[in-house]
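# Overview (structure and organization)
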Amino acid sequence: MTVQESGAEPRTAGMKDVAAAAGVSLGTVSNVLNRPDRVSPATRAKVETAMAELRFVRNESARQLRAGRSRVLAYVMLDGSNPFFTDVAAGMEDAADAGDLSLFLCNSAHQPSREAAYLGRLEQQRVQGILITPVDPDAPLLGEIAHRGTPVVVVDRTPGGTTHCSVAVDDVYGGEIAVRHLVEQGHDRIAFIGNHTTVGQVRDRRLGALRALKAAGLGPDRLVDLTTTALTVADGRGAGERLAGLPAAVRPTAAFCANDLVALGLLQTCANLRMRVPEDLAIVGYDDIEFAAAAAVPLTSVRQPRRRLGRTAAELLLAEAEPGHEHRQVVFTPELVVRASTLR
């Protein structure tokens, strides 16, 4: 309930109201909220009953103001429309829940200005720490924020220095195992679909693809770049139309897509154009999101440990407060999950 004094507007019940209703001191109410083990069960029950009757809600903002730091972690993701990042965030939430913390999600949408604006707001709000998949992992702003006292952990990228903890996946190896698999299936002209000129992870995946071709004795000209502006289903559909329009003599018989959304769009175009998968075109995606296995033709994909990636990143962030903490760069190894989209 609200508390109403004579002639005044109703107000939300505070700790003093709870203390008065329970017949205890203000310090006892504080102990029930913060150190319940110091209060006898009988007294704690009285205070909790008073809280319930008054509909008392703790003022976390006031508590954070006194402490100078909130009980909130934040994740600035690169693309909120990509299920990969929401899966990563779920792992972060696991670690946050274990530490009785909340997790805020922000979406930079690949825009440096939007990323910088979010970082500024989060620093002003004194979040306990920032997890970020950055547009540029070596952006000076990340180091400046950490220097001012807000811990930063880089997710899904490895920065050039060791000023932050980071958690990433070996994308070069991921690209290598994807294309090696296609070569083993008999393909020697392979399309690479993605925006490797603007996204570091995609650039690494393409590098791995070239390494696999070289190891098989094939030249770099055997990788046909179909560059996209983004990594969406629509980009995959558009790339599929361009691929289908190539002369049959030079048309790739397989495609390695920079992520699963692109691969799913390519799969849609194949269905619309009556191109058989994998007979006319074999397709490999990347990330192994949930939709990959559920596609009309189950999609072969390079699996990243998405939830583990996020949980590990959050655990590293929480460890920043420990004495003698040293920054770590954790790199996970991806694995290829083979399904019907590449098996003839």
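Conventions used here
- Residues numbered from 1 in each chain as written.
- Predicted model: local features only at pLDDT ≥ 70, side-chain atom pairs only at ≥ 80, totals over all residues.
- Heavy atoms only, no water.
- Core = buried A, V, L, I, M, F, W, Y, C linked by side-chain atoms within 4.5 Å.
- Buried < 20%, exposed > 50% of the residue type's maximum accessible area, 1.4 Å probe, protein only.
- Domains from an automatic or database assignment.
- Contact = heavy atoms within 4.5 Å.
- Salt bridge = Lys/Arg side-chain N within 4 Å of Asp/Glu carboxyl O.
- Helix = DSSP H or I, 4+ residues; strand = E, 2+ residues; numbered from the N terminus.
- Pairing = 2+ DSSP bridges.
- Axes fitted to C-alpha atoms, helices over the stretch in contact; angles between N-to-C directions.
- Right-handed = clockwise from strand over helix to strand, strands pointing away.
- Phe/Tyr/Trp six-rings, centres within 6.5 Å; stacked < 30°, edge-to-face > 60°.
- Lys NZ or Arg CZ within 6 Å of the ring centre and 35° of its normal.
- Parallel < 35°, antiparallel > 145°, perpendicular 65-115°, else oblique.
- Left-handed = near helix turned anticlockwise from the far one by under 90°.
- Nonpolar A, V, L, I, M, F, W, Y, C, P; charged D, E, K, R; others polar.

### Brief notes about the nonpolar core
If you look at the biggest cluster of nonpolar residues, it comprises 69 residues, and the most contacted ones within it are Tyr75, Leu131, Ile193, Phe256 and Ile283. Looking at which domains feed residues into this core, each of domain 2 (67-169 + 306-332) and domain 3 (171-304 + 336-342) supplies at least three. Discounting chain neighbours no more than four positions away, the residues touching Leu131 are Ala74, Tyr75, Val76, Met92, Leu103, Val153, Val155, Ala313, Ala314 and Leu317.

### Points about the pattern of salt bridges
With the rule as written, the count across this model stands at 11 salt bridges. With a closest N to O distance of 2.7 Å, Arg306 and Asp87 form a salt bridge. Remark: Asp87 occurs in helix 5 (residues 83-98) and Arg306 occurs in helix 13 (residues 306-319); sequence separation between them is 219 residues. Overall, the relative accessible area of 16% leaves Arg306 in the buried class. The residue Asp288 makes a salt bridge to Arg339 at a minimum N-O spacing of 2.9 Å. Of this pair, Asp288 sits in the loop between strand 11 (282-287) and helix 12 (290-293) while Arg339 sits in the segment after strand 14 (335-337), and the two are 51 residues apart along the sequence.

### Side note on the sheet that holds strand 5 (residues 129-132)
The strands making up a sheet associate through hydrogen bonds between their backbones, and the pairing can be parallel or antiparallel. Strand order in the open sheet formed by six strands is 4-3-5-6-7-13, and the pairing between neighbours is parallel. Two strands close off the open sheet at either side, each with one partner strand: strand 4 (102-107) and strand 13 (329-332). Between one strand axis and the next, the sheet turns by 15° as a mean value, whatever way the strands run. Here strand 3 (residues 72-77) runs beside strand 4; their pairing, made up of six bridges, is parallel. Bridge pairing in strand 4 places Met77 opposite Asn107.

### Looking at the pairing of strand 7 (residues 165-169)
Burial of strand 7 is extensive: five of the five residues sit out of reach of the surface. On strand 7, burial covers both faces: Cys165, Val167 and Val169 on one face and Ser166 and Ala168 on the other are all buried. In this sheet, strand 7 lies alongside strand 6 (residues 152-155) in parallel orientation, the contact comprising three bridges. Bridge pairing in strand 7 places Val155 opposite Val167. Here four bridges tie strand 7 to strand 13, and the two strands are oriented parallel to one another. Across the sheet, Ser166 pairs through a bridge with Gln329, a residue of strand 13.

### What about the pairing of strand 8 (residues 190-194)?
Counting buried positions along strand 8 yields five of five residues, so the element is predominantly enclosed. Residues of strand 8 alternate between two faces, with Ile190, Phe192 and Gly194 on one and Ala191 and Ile193 on the opposite face, all of them buried. With five bridges connecting them, strand 8 and strand 9 (residues 223-227) associate as parallel partners. Residue pairing in the sheet places Ile193 in a bridge with Leu226 of strand 9. On the question of chirality, the crossover connecting strand 8 to the parallel strand 9 by way of helix 9 (residues 200-215) is right-handed. As paired strands, strand 8 and strand 10 (residues 254-257) are joined by four bridges and run parallel to one another.

### Considerations on the packing of aromatic side chains
What describes a pair of aromatic rings is the distance from one ring centre to the other and the angle between the planes of the rings. Inspection of every chain in the model, using the stated rule, returns three aromatic pairs. Aromatic side chains Phe84 and Phe85 sit 5.0 Å apart centroid to centroid with 80° between the ring planes, which places their arrangement in the edge-to-face category. Taking relative accessible area as the criterion, Phe84 reaches 3% and is therefore assigned buried. When its relative accessible area of 6% is taken as the criterion, Phe85 is described as buried. Three or more aromatic residues joined by ring pairs make a cluster, and in this case those are Phe192, Phe256 and Tyr286. One Lys or Arg, Arg121, reaches over the ring of Tyr118 and ends 5.3 Å from the middle of that ring. Here the basic side chain of Arg205 rests over the ring of Tyr286, its NZ or CZ set 3.8 Å away from the ring centre.

### Structural notes on the sheet that holds strand 14
Pairing is mixed across the open sheet formed by six strands, whose spatial order is 9-8-10-11-12-14. Two strands bound the open sheet, and with one partner strand each, they are strand 9 and strand 14. Along the sheet, successive strands turn relative to each other by an average axial angle of 20°, direction set aside. Of the strands in this sheet, strand 8, strand 10, strand 11, strand 12 (300-303) and strand 14 are in contact with helix 8 (residues 171-184), which crosses strand 11 at around 165°.

### With respect to the domain arrangement of the chain
The domains assigned to the chain are domain 1 (15-58), domain 2 (67-169 + 306-332) and domain 3 (171-304 + 336-342). Using C-alpha coordinates to define each centre, domain 1 is positioned 61 Å away from domain 3.

### So, the packing of helix 8 against helix 9
Here helix 8 crosses helix 9 at 45°, and the two axes come no closer than 6 Å. By the criterion of interaxial angle, the relationship of helix 8 to helix 9 is oblique. Crossing of helix 8 against helix 9: the hand is right-handed. Facing helix 8, whose interface residues are Asp171, Val172, Gly175, Glu176, Val179, Arg180 and Val183, helix 9 presents Gln201, Asp204, Arg205, Leu207, Gly208, Ala209, Arg211, Ala212 and Leu213. Of the residues contributing to the contact of helix 8 with helix 9, the split by class is seven nonpolar, three polar and six charged.

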